[in-house]
Amino acid sequence: MRSKYLLGVLVILGALAYMIFGGLGQNLVYFLTPSEYLEAQAKYQNRPVRLGGLVKPGTVQYDKDRLELRFVLTDGVAEVPVFHKGTPPGMFKEGQGVVVEGRFQEGVFQGTNLLVKHSETYQPPKAGWTPEDVRKLIQEAK
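Residues numbered from 1 in each chain as written. Predicted model: local features only at pLDDT ≥ 70, side-chain atom pairs only at ≥ 80, totals over all residues. Heavy atoms only, no water.

Visitor: Which parts of the structure should I look at to understand the overall build of the protein?
Guide: A tally of regular secondary structure across the protein gives four helices and six strands. Traced from its N-terminal end to its C-terminal end, the protein shows the element sequence α-α-α-β-β-β-β-β-β-α. Within the protein, the proportion of its 142 residues that are buried is 26%. Within the protein, contacts between residues at least 6 apart in sequence are counted, and of these 50% link residues at least 24 apart. Accessible area of the protein: about 10,500 Å², with a carbon and sulfur share of 59%. (Helix = DSSP H or I, 4+ residues; strand = E, 2+ residues; numbered from the N terminus. Buried < 20%, exposed > 50% of the residue type's maximum accessible area, 1.4 Å probe, protein only. Contact = heavy atoms within 4.5 Å. Areas by Shrake-Rupley, 256 points an atom, 1.4 Å probe, with all protein chains shown as cover.)

In C-alpha cells:
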C-alpha cells in the first residue's frame, strides 16, 4: 500500500517537473544578431525569426505617407538592412536597441513587428510641473 502512494507521488512530481522545465524552453524568446544571420543565411531565408541589434545612426529613412521605415541593424560587427511597413514605435530612434520580428527575403529583413528597448529608469514629474512641462520633457527624450 505504501509503495502505491510513493509511486503516485513520484508520478505527480515527475509530471510537475516536466511541465515546469519542459515548457520553459518553448517559452524563451531568442533573437538572431546580424552576425549570426550572415553565418547561415540560407538557413533563415523566408522563415519567421527575430533579429536584434542597434539601429545604425544615419540610416533611418521614414516615409510618413507610405508608412515605410528603412534602417540598418548592426551588432557592431555585421549589418543587415531592415524594411518595416507601419508606424514605428514612439521611442524608435537611431542608436537604440531594437528587436524586429519578420523574415529575410532577398537579403533584406522584412519586419512585421518592432520591439524597442527603452530606459529602465522612471522619473516622475517634479512638484509644480504643468502638463506642458511634461510634454516638453517627453519630446526632448525622443
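Visitor: Help me out: how do you make sense of the nonpolar core in this one?
Guide: In terms of nonpolar packing, the biggest core is built from 18 residues, with L51, F71, V98, F104 and F109 touching the most fellow members. Sequence-distant contacts of F109, that is, excluding residues within four places in its chain, are made with V49, L51, V80, P81, V82, F83, V100, E101, G102, R103 and F104. (Core = buried A, V, L, I, M, F, W, Y, C linked by side-chain atoms within 4.5 Å.)

Visitor: Would you take a moment to explain the side chain of E68 for this structure?
Guide: With respect to the helices and strands, E68 occurs in strand β3 (residues 68-74). Classification of E68 by relative accessible area gives buried; the value is 17%. If sequence neighbours within four positions are ignored, E68 has contacts with Q61, Y62, D63, F83, H84 and K85.

Visitor: Even after reading the chapter, I still don't get the packing of aromatic side chains, so can you show me in this structure?
Guide: Given two aromatic rings, one states the distance between the centres and the angle between the planes to describe the pair. Considering all chains together, one arrives at three aromatic pairs under this definition. Among the aromatic side chains, those forming a connected cluster through ring pairs are Y37, F104 and F109. (Phe/Tyr/Trp six-rings, centres within 6.5 Å; stacked < 30°, edge-to-face > 60°.)

Visitor: Sorry if this is basic, but what is going on with the pairing of strand β4 (residues 79-85) here?
Guide: Along any regular strand, the residues point their side chains to alternate faces of the sheet. Inspection of the sheet shows β3 paired to β4 by seven bridges, in the antiparallel sense. Along β4, the bridge assignment pairs E68 with K85. The antiparallel hairpin formed by β3 and β4 contains four residues in its connecting segment, where G76 sits at a positive phi of about 95°. Where β4 meets strand β6 (residues 108-116), three bridges bridge the pair, whose relative direction is parallel. Paired with V82 across the bridge in β6 is F109. (Pairing = 2+ DSSP bridges.)

Visitor: Before we go on, may I ask you to explain the pairing of strand β1 (residues 48-55) in this structure?
Guide: With seven bridges joining them, β1 and strand β5 (residues 97-105) adopt antiparallel strand pairing. Within β5, the residue paired with P48 across the bridge is R103.

Visitor: Looking at this model, I keep getting lost on unusual backbone geometry. Mind explaining?
Guide: With the exception of glycine, most residues fall at negative phi, and the peptide bonds are largely trans. Positive phi outside glycine occurs at L67, with the angle close to 55°. The exposure class of L67 is partly exposed, given its relative accessible area of 34%.

Visitor: Any chance you could explain the environment of Y44 here in plain terms?
Guide: Turning to its location among the elements, Y44 is positioned in helix α3 (residues 41-44). C-alpha separation for the pair Y44 and Q105, spaced 61 residues apart in sequence, amounts to 9.2 Å.

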